[in-house]
Amino acid sequence: MRGGTAVQDHVALAEIELCGELIIAASAAAERLSFDRIDEVLRVPRRREATPRPDDHA
C-alpha cells in the first residue's frame, strides 16, 4: 500500500475555512453580525437589486 489514506475534499476544506473566518468575525464583533457583514466575511457578491431582509434596519 502506497502513501496515506488521506482524502482531500476541496469543497469541504473551503467551507471549513469560511466557517473559521465567520467565527473569528463573530467573536471580534461587539454585537450580532449584520447580514451584510456576514456576506462580506463569506465573500458573497453584492446583489444588484437589494431586497430588504427581515432583520435589516434601514
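Draft legend 1. Representation of the overall build of the protein chain. Helix and strand counts for the protein chain come out as two helices and zero strands. Taken over 58 residues, the protein chain has a buried fraction of 5%.

Draft legend 2. Structural detail: the pattern of salt bridges. Under the counting rule described, the total for this entry stands at two salt bridges. The partner of R43 in a salt bridge is E21, with the nearest N and O atoms 2.9 Å apart. Of the two residues, R43 sits in the segment after α2 (35-41) while E21 sits in helix α1 (residues 10-28), which places them 22 residues apart along the sequence. The exposed category is assigned to R43, whose relative accessible area is 54%.

Draft legend 3. Quick peek at the environment of S34. Of note, S34 is situated in the loop between α1 and α2. Of the residues examined, S34 reaches a relative accessible area of 37% and is grouped as partly exposed. At 3.0 Å, the side chain of S34 forms a polar contact with the backbone nitrogen of R37.

Draft legend 4. Focus on the environment of E40. Residue placement: E40 occurs in helix α2. Put simply, E40 and L22 are 18 residues apart on the chain and 9.7 Å apart in space, counted from C-alpha to C-alpha. In this structure the side chain of E40 is engaged in a polar contact, spanning 2.9 Å, whose partner is the side chain of R37.

The rules we used
Residues numbered from 1 in each chain as written. Predicted model: local features only at pLDDT ≥ 70, side-chain atom pairs only at ≥ 80, totals over all residues. Heavy atoms only, no water. Helix = DSSP H or I, 4+ residues; strand = E, 2+ residues; numbered from the N terminus. Buried < 20%, exposed > 50% of the residue type's maximum accessible area, 1.4 Å probe, protein only. Salt bridge = Lys/Arg side-chain N within 4 Å of Asp/Glu carboxyl O. Polar contact = N/O pair within 3.5 Å; in protein donor to acceptor, adjacent residues only side chain to side chain.

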